[in-house]
Amino acid sequence: MELTAHTLLLPLALAALLHPTTATVDDAPLGLNDGFSLRMVPRPGWNSTIHVDDDGFLHLKEPVGHDTTALRPHVRFLPGKYNVVTTVGTGHGRRTYTLAMEMTSSLTWMQCAPIQHPFQQVPPPFHPRTSPSFRHLAPTNRLCSPPGHNVCRFHVTPIHVGGVHASGVLGDETLSFTGYAPTVFPTVIIGCAHISTGFISHGVLAGVLGLGKTYPSLVPVLLQRHGLHRFSYCLFVPRSANRHGFLRFGNDIPVDTRRMKSTRILYPEDSSYFVNLNGISIAETRLGGNLAEVFRRRQLADGKRHSGTVIDVGTTRSVMIEAAYSVLEQTLAEHGRRLGFPVRRTSSGLCFRVTHSHFSQLPTVTLHFEQDLVLTPNKLFVVREQDICLAVSPSQDITIIGTMQQVGTRFVYDLAASRVYFAPENCNDDTDEHD
């Protein structure tokens, strides 16, 4: 069977690390019955090409028209990705890599030697023959795609147009992560990619870390083996290059979800975290049309799935199904004209030519899940030169709530309850310094 982003895969995409970090690990797995946390570090460029001003808005010092950093090349450039560092293998083959976080598939994969047309990364690609703990999966394993070869192969396909493709062989290996304390997983299924396209490594990233909700992601493994059914993150705005946040599991999550809003996680058989988006309001006025039906995930005549709404930390710029995006853009443009804002449509999408003094007049947008998620203007617009531009793009096939719309909000995913909880938080309070 083919591993697809709709069924089994999750590149946890978060862009390149500012400085490679060496993790110190033990040779035996730690007890994980209570909880643990992994370091989460933002992409490079903050404070140089990207910064958040005192107005709270993201300012870009370079054109947005061409995407040079996003893992999905058709999504225009926006910052907001974060990385997880992991040590792979044992013995002479042990290496420390930076992997991209993404929540739309469940397979961890990285470049492995030998590889065709390798992308640049630090350190060089993993070589499974040098690690005594690497073992190929049997070619009869249900994860193999396609079956019937002498080795177990995989093929990654993206959840929407413009994503990453990767193929190679599957094996299990020891992975070690750095947090408050080293955490070791002795048998994690990984993909050794010998071919990949569309993946932007920033010269550092080695691949992706799968955190979807289906096997072989670490998320269901932690649930089944250790009873850790919750994970959480709070995406922060970096104020310095040496600060990191945390991807937290179990009792390391520092909040009481009873005080948070929530919505149900749909489709337990799917890797992605689908939620039910019923509508949108702009400045507390609900948009017309049957948007609940537009956002509803459905099966087409050819058997493929279409539409639906996903929450993903691996997508920097949110995308919205085209029919709903057109209503959103048109309503925002009309709102801007009523305020006297010159409206421009550029390669970056909808923009207003306004001065700093007008930022406070920009509207909020409310996403109507089972309980509402309110997006303040600084989560919807970015400042580029003399314009302030909408940080959402149209999509032909899906709606994805990306990282920019999640900054400053704590998200807790509870697989046992099939719910995602969210609440505003000063995420900089849940950060620490690293060397």
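Residues numbered from 1 in each chain as written. Predicted model: local features only at pLDDT ≥ 70, side-chain atom pairs only at ≥ 80, totals over all residues. Heavy atoms only, no water.

Going by an unreviewed UniProt entry, the protein chain carries the name Peptidase A1 domain-containing protein and comes from Triticum aestivum. Reading the Sequence similarities (unreviewed entry) entry of the UniProt record for the protein chain gives the comment "Belongs to the peptidase A1 family." (UniProt positions renumbered as here; feature names shortened; annotations may be inferred.)

Caption draft 1: Representation of the sheet that holds strand β17 (residues 285–286) in the model. The four strands are arranged β17-β16-β24-β25 in an open sheet whose pairing can be described as antiparallel. In this open sheet, the two strands that pair with only one neighbour each are β17 and β25 (372–375). Sheet topology places strand β16 (residues 279–282) next to strand β24 (residues 365–368); four bridges connect them, and they run antiparallel. In the strand pairing of β24, I282 is matched with V365. (Pairing = 2+ DSSP bridges. Helix = DSSP H or I, 4+ residues; strand = E, 2+ residues; numbered from the N terminus.)

Caption draft 2: Fine view of the nonpolar core. In this structure, F231, Y233, L247, L367, F381, I388 and Y413 are the most contacted members of the largest nonpolar core, which totals 81 residues. Residue contributions to this core peak at five residues, all from helix α3 (residues 322–338). Looking at this core, you find at least three residues from each of domain 1 (36–62 + 79–249) and domain 2 (254–433). Residues within four places of Y233 in sequence aside, it is in contact with M40, M103, F246, L247, I311, V313, Q406, T409, R410, F411 and Y413. (Core = buried A, V, L, I, M, F, W, Y, C linked by side-chain atoms within 4.5 Å. Buried < 20%, exposed > 50% of the residue type's maximum accessible area, 1.4 Å probe, protein only. Domains from an automatic or database assignment. Contact = heavy atoms within 4.5 Å.)

Caption draft 3: Quick peek at the packing of aromatic side chains. Per the stated rule, a full pass over the model turns up 18 aromatic pairs. Between the aromatic rings of F231 and Y273, the centroid separation amounts to 5.9 Å while the plane-to-plane angle is 75°, which identifies the pairing as edge-to-face. Pair noted here: F231 is in strand β12 (residues 230–234) and Y273 is in the loop between β14 (261–264) and β15 (274–275), with a separation of 42 residues, a long-range link. Of the two residues, F231 and Y273, neither departs from the other in class, the shared state being buried. Members of the aromatic cluster, connected to one another through ring pairs, are F36, F177, F185, F231, Y233, F249, Y273, F369, F411, Y413 and F422. Positioned above the aromatic ring of Y267 is the side chain of R297, whose terminal nitrogen or guanidinium carbon lies 4.8 Å from the ring centre. If you follow R297 out to its NZ or CZ, it ends over the ring of F274, 4.2 Å from the centre. (Phe/Tyr/Trp six-rings, centres within 6.5 Å; stacked < 30°, edge-to-face > 60°. Lys NZ or Arg CZ within 6 Å of the ring centre and 35° of its normal.)

Caption draft 4: Fine view of helix α1 (residues 218–226). The set of residues buried in α1 consists of L218, V219, P220, V221 and L222. Tucked into the core, α1 has its buried residues touching β1 (35–42), β9 (165–177), β10 (183–197), β11 (207–210), β12 and β13 (243–250). The backbone nitrogen of V219 has a side-chain oxygen 3.0 Å away, supplied by the residue at the start of α1, namely S217. One or two steps after α1, the chain reaches G227, where phi turns positive at roughly 75°. (Polar contact = N/O pair within 3.5 Å; in protein donor to acceptor, adjacent residues only side chain to side chain.)

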